[in-house]
Amino acid sequence: MVEPIRRSTREEREQWIKEANYNLFKLKSDQVFIDLLTDSGTGAMSDRQWSEMMLGDESYAGASSYFKMKNTIKEILGFDHFLPTHQGRAAENVLFSVLVKAGDVVPGNSHFDTTKGHIEYRKATAIDCTIDEAFDTTVEHPFKGNIDLNKLEKILKDTPQEKIPFVVVTLTNNSSGGQPVSMENIKAVRKLADKYGAKLMFDSARFAENAYFIKKREPGYADKTIREIVLEMFSHADSMTMSSKKDAIVNIGGFTAMRSKELYDKASVFNIMYEGYLTYGGLSGRDMNALAQGLREGTEYDYLDTRISQVAYLGQKLAEYGVPVQHPFGGHAIFVDAKRFLSHLPKEQFQAQTLAVELYIEAGIRGVEIGALLADRDPVTRENRYPDLELLRLAIPRRVYTNNHMDYIAAALANVYERRHSIVKGLKIVNEAPIMRHFTVDLAKV
Ligand code: F0G
């Protein structure tokens, strides 16, 4: 779809962002010129996906659309059992309702906030085992999403087996910058999990982008197709959750899939309670059709090459302007290092959120903070958590913007960078929710 976007004045934007309490989630979409809040559900569907929408089977039970999705998941990801859900966090809710209990420990690579939320809500603990290289934006490493095997082994060794429901591998690692996990690392994690009797779960929102990076960067994979790499990746997992709003290029949808029939049976109860009957689980037939088609298109090399090259195009422009960004460039987004960008502001004034607000005022561009606001408070001490990385994420929707838009974004951010020393005041929290506060938080200028 092609949609018009609306330009505004700086005065209008200053007023709007103030009314939104300096929380970009609270802006109206028509107050935004270029929307880089997320790549989730914001992609443009293809002609084939829209055609599939017309063929949706809306039967309550046993719809052909369900079987279309089931067969596609089997063919592309290799799982026999799956449950449709309305999006990724719903898949987490269904699966974790079976697997995660109070006192459990779930190691992984920078758990996404909803994943962590679903773990902590159940009074379990998520432990980040991402490699240290990921937390220095200047270090070049081909697979900054990787799990540090020493960190992981220490947890597996020190924790009773029954307290570890699974190890989670996030593909790609969103929070550290859309960074991929290598096949070598996936295999090594599997081996460690086996050694200590643990299961392996993939949070797979951007699995196809991960496969693209393996093809491009990992020795031995250059001549394999994306589909071959994807099948190999998932062959190491016991279960998975999927936010189809990313690499399946739909506006809504998700699922959880598993090898074990027993796990499927247990999860089915929660799917029926929280989502819907087993063969639609929160989705309409037409949604399931578009999702199945999207899984095919999302795993095509030409599409992935175009997409990821566009993200790199923006990253390269920003690097040329001297703007500090996470290196190498991520799959779905460019992550601006707000700690280096606004190094003169204290972390207590939320550097990345301050930068997000400045970029909006500068040019009507909406990014998102991946920093201290998102990190929430420690569930036990209730102290603010200040993560190693304080980032402004510029997520690029799939098949929506042109490189002309990328030029505009880069120039706008370069302008903010030039006047960065004039930004002398950050933000403070006025109101916040007890968990996942960043969506609804109210802020004020210090
Ligand atoms: N896992 C990862 C790695 C994600 O990035 C997301 C969502 C989810 C799970 C949850 O999926 O939104 O369908 O419920 N990420 C979006 C983002 C919201 O902007 O990065 P969901």
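Cut-off values and rules
- Residues numbered from 1 in each chain as written.
- Predicted model: local features only at pLDDT ≥ 70, side-chain atom pairs only at ≥ 80, totals over all residues.
- Heavy atoms only, no water.
- Axes fitted to C-alpha atoms, helices over the stretch in contact; angles between N-to-C directions.
- Helix = DSSP H or I, 4+ residues; strand = E, 2+ residues; numbered from the N terminus.
- Parallel < 35°, antiparallel > 145°, perpendicular 65-115°, else oblique.
- Left-handed = near helix turned anticlockwise from the far one by under 90°.
- Contact = heavy atoms within 4.5 Å.
- Nonpolar A, V, L, I, M, F, W, Y, C, P; charged D, E, K, R; others polar.
- Near = heavy atom within 4 Å.
- Polar contact = N/O pair within 3.5 Å; in protein donor to acceptor, adjacent residues only side chain to side chain.
- Areas by Shrake-Rupley, 256 points an atom, 1.4 Å probe, with all protein chains shown as cover.
- Buried < 20%, exposed > 50% of the residue type's maximum accessible area, 1.4 Å probe, protein only.
- Domains from an automatic or database assignment.
- Buried area = accessible area lost by both parts, 1.4 Å probe.
- Salt bridge = Lys/Arg side-chain N within 4 Å of Asp/Glu carboxyl O.

1. Some remarks on the packing of helix α2 (residues 47–54) against helix α11 (residues 285–298)
So, point 1. It is the contact of α2 with α11, at a shortest axis distance of 7 Å, that shows an interaxial angle of 155 degrees. It follows that α2 is roughly antiparallel to α11 by the angle criterion. Here α2 runs over α11; the crossing is right-handed. From α2, Arg48, Gln49, Glu52 and Met53 reach across to α11, where they touch Arg286, Asn289, Ala290, Gln293, Gly294 and Glu297.

2. So, the packing of helix α4 (residues 88–99) against helix α5 (residues 113–121)
So, point 1. Packing of α4 against α5 brings their axes to within 10 Å, and their N-to-C directions diverge by 30 degrees. Looking at the two axes, α4 sits roughly parallel to α5. Viewed along their axes, α4 and α5 form a crossing whose handedness is right-handed. Two secondary-structure elements touch here, α4 through Arg89, Glu92, Asn93 and Phe96 and α5 through Thr114, Thr115, His118 and Ile119.
So, point 2. Taken together, the residues that form the contact of α4 with α5 break down as 2 nonpolar, 4 polar and 2 charged.

3. With respect to the site of the ligand
So, point 1. In the vicinity of the ligand, 16 residues are found, and the nearest of them are Thr38, Arg89, Ser243, Lys246 and Arg393.
So, point 2. Here an oxygen atom of the ligand and a side-chain polar atom of serine 243 are 2.6 Å apart.
So, point 3. Coverage of the ligand by the protein amounts to 94% of the 470 Å² it exposes when considered alone.
So, point 4. Take the shell around the ligand: its biggest share by element is 3 residues, from α4.
So, point 5. The residue inventory of the shell around the ligand, partitioned by class, reads 1 nonpolar, 8 polar and 7 charged.

4. Section: the side chain of threonine 172
So, point 1. Residue position: threonine 172 is located in the loop between β5 (167–170) and α7 (183–195).
So, point 2. Given the relative accessible area of 1%, threonine 172 is considered buried.

5. Considering the domain arrangement of the protein chain
So, point 1. Taken domain by domain, the protein chain consists of domain 1 (10–32 + 301–445) and domain 2 (47–298).
So, point 2. Distance from the C-alpha centre of domain 1 to the C-alpha centre of domain 2: 26 Å.
So, point 3. With both chains or domains summed, domain 1 and domain 2 bury close to 2800 Å², and 56% of this area falls on carbon and sulfur atoms.
So, point 4. Remark: the boundary between domain 1 and domain 2 carries 5 salt bridges.
So, point 5. Taken together, the connections running from domain 1 to domain 2 amount to 23 residue pairs in polar contact (both at pLDDT 80 or more).
So, point 6. Contributing elements (two or more residues each) for the side of domain 1 that touches domain 2: α12 (301–320), β9 (333–337), α15 (372–375) and β12 (391–395).

6. Some thoughts on the pattern of salt bridges
So, point 1. Considering all chains together, one arrives at 34 salt bridges under this definition.
So, point 2. With its nearest N and O atoms 3.0 Å apart, the salt bridge here joins aspartate 265 to lysine 261. A residue pair is termed a helical-turn pair when its members lie 3 or 4 positions apart in one helix, as aspartate 265 and lysine 261 do in helix α10 (residues 261–274) at 4 residues.
So, point 3. Of the charged contacts, one joins lysine 317 and aspartate 407 as a salt bridge, the two residues approaching to 3.6 Å between their closest N and O atoms. Highlighted residues: lysine 317 in helix α12 and aspartate 407 in helix α16 (residues 403–418), separated in sequence by 90 residues.

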